[in-house]
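Observations on the model geometry
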Amino acid sequence: MSVKLPPRIDTFMQAKSSGDSQAFVACFAEEAVVYTEGQEFRGKDAIRQWFEDSAKYKNQYLVMGFSAKRQESILSARVSGDFAGSPVLLDYFFTTRDGLITSLRIVTMEDA
């Protein structure tokens, strides 16, 4: 399935897939917050560290869907890699401002 994504979210997914931490972090505003697996990562330095720490899982992403509602965009993806329970279906809830991600919440589709 080919899903058309807005430029910033497309860049986010490309950087995530390729392991490019510089391009990944450039998608976020300075004060951005990421919520995932019961943890919060606040600011670009913390987001970079989370991204680099998660590289050990060698994740691969298949975008399953995308929708935008007012201030929030939702990307659904099948994520596989070297982690227990692989593959898993995840929803990524993005809030953006001025073309940058200000908030990202990642949850399993069942918890959304």
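The rules behind these values
- Residues numbered from 1 in each chain as written.
- Predicted model: local features only at pLDDT ≥ 70, side-chain atom pairs only at ≥ 80, totals over all residues.
- Heavy atoms only, no water.
- Helix = DSSP H or I, 4+ residues; strand = E, 2+ residues; numbered from the N terminus.
- Buried < 20%, exposed > 50% of the residue type's maximum accessible area, 1.4 Å probe, protein only.
- Lys, Arg positive; Asp, Glu negative; His and termini not counted.
- Salt bridge = Lys/Arg side-chain N within 4 Å of Asp/Glu carboxyl O.
- Polar contact = N/O pair within 3.5 Å; in protein donor to acceptor, adjacent residues only side chain to side chain.
- Core = buried A, V, L, I, M, F, W, Y, C linked by side-chain atoms within 4.5 Å.
- Contact = heavy atoms within 4.5 Å.
- Patch = residues over 30% accessible without salt bridge, like charges linked within 9 Å, V, L, I, M, F, W, Y side chains within 5 Å.
- Areas by Shrake-Rupley, 256 points an atom, 1.4 Å probe, with all protein chains shown as cover.
- pLDDT = per-residue confidence, 0-100.
- Pairing = 2+ DSSP bridges.
- Axes fitted to C-alpha atoms, helices over the stretch in contact; angles between N-to-C directions.

1. Let's talk about the environment of serine 18
Here serine 18 shows up in helix H1 (residues 7-18). Taking the C-alpha atoms as reference points, serine 18 and alanine 55, 37 residues apart in sequence, are found 9.8 Å from one another.

2. Remarks on the side chain of lysine 16
With respect to the secondary-structure elements, lysine 16 resides in helix H1. Glutamate 37 provides the closest opposite charge to the buried, unpaired lysine 16, separated from it by 8.8 Å. Reaching out from lysine 16, the side chain makes a polar contact with the side chain of tyrosine 61 at a distance of 3.4 Å.

3. So, the nonpolar core
Ranked by size, the top nonpolar core spans 26 residues in total, and within it Phe12, Phe24, Phe28, Leu75, Tyr92 and Leu104 carry the most contacts. Where this core is concerned, the elements lending two or more residues are H1, helix H2 (21-25), strand E1 (28-36), helix H3 (44-54), strand E3 (60-69), strand E4 (72-80), strand E5 (88-97) and strand E6 (100-108). The element best represented in this core is H1, accounting for 4 residues. Not counting chain neighbours up to four residues away, the residues in contact with leucine 75 comprise Leu5, Ile9, Met13, Val63, Gly65, Phe66, Leu90, Asp91, Tyr92 and Phe94.

4. As for a nonpolar patch on the surface
Together, Leu62, Met64 and Leu89 make up an exposed nonpolar region whose accessible area comes to about 230 Å². Along the chain, the position of leucine 89 falls in strand E5. Given a relative accessible area of 34%, leucine 89 falls into the partly exposed group.

5. Some thoughts on the confidence of the model for the chain
Looking at the chain as a whole, the pLDDT averages 93, with 97% of positions reaching at least 70. Averaged pLDDT values for the elements of the chain fall to 93 in H1 and rise to 98 in strand E2 (residues 39-42).

6. Here we look at the pairing of E3
Two strands pair when backbone bridges link them, and E3 and E4 are joined in this way by 9 bridges, in the antiparallel orientation. Opposite leucine 62, over in E4, you have arginine 78 as the bridge partner.

7. Re the sheet that holds E4
The sheet built from 6 strands is open, its strands ordered E2-E1-E6-E5-E4-E3 with mixed pairing. Here the strands that pair on one side only, and so sit at the sheet edges, are E2 and E3. Between one strand axis and the next, the sheet turns by 15 degrees as a mean value, whatever way the strands run. Most of the contacts of H3 go to E1, to which it runs at about 45 degrees, and overall it touches E1, E2 and E6.

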